[in-house]
Amino acid sequence: MLPLSMAKAGEKCMLARIGGSPDVKKHLEDLGFVVGSEIQIVSTPGNGNMIAKVKDARLALTKEMTKRIMVTM
């Protein structure tokens, strides 16, 4: 298990755990980040932020958020 921030553009991974406060967890779950769901990395501009595809939505994530989302490759 590693943080989503370690994934590279084009990779697909499985969401394993979401860390952080209950508010952060709820916010990410509302966006579609549910344990067991597949995430595809669309782009990583190099500053730690990334765009990820979850279900049929593309979402921009900050570096802080990507460190709280744990995935398996």
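Predicted, not measured: the structure shown is a model, and the values here were computed from it.

**Quick look at the pairing of strand E3 (residues 38–43)**
The sheet contact formed by strand E2 (residues 12–18) and E3 spans three bridges and is antiparallel. Following the sheet pairing, Met14 is matched in E3 by Glu38. Of the pairings in the sheet, the one linking E3 to strand E4 (residues 50–54) comprises four bridges and is antiparallel in character. Pairing of Gln40 across the sheet is with Lys53, part of E4. Once E3 ends, the chain turns through six residues before running back antiparallel as E4, passing Gly46 with a positive phi of about 105 degrees.

**Focus on the sheet that holds E4**
The strand order across the open sheet built from six strands is E1-E6-E2-E3-E4-E5, with neighbouring strands paired in antiparallel fashion. The sheet is open, and its two edges are formed by strand E1 (2–3) and strand E5 (57–61), each paired on a single side. Bridge analysis of E4 against E5 gives five bridges, and the strand direction is antiparallel. Residue pairing across strands places Ala52 opposite Leu59, the latter belonging to E5.

**What about the pairing of E2?**
Within a regular strand, side chains alternate between the sheet's two faces. In this sheet, strand E6 (residues 69–72) lies alongside E2 in antiparallel orientation, the contact comprising four bridges. When the sheet's bridge partners are listed, Leu15 is paired in E6 with Val71.

Calculation notes
Residues numbered from 1 in each chain as written. Predicted model: local features only at pLDDT ≥ 70, side-chain atom pairs only at ≥ 80, totals over all residues. Heavy atoms only, no water. Pairing = 2+ DSSP bridges. Helix = DSSP H or I, 4+ residues; strand = E, 2+ residues; numbered from the N terminus.

None of the figures reported here should be taken as evidence of function without further support.
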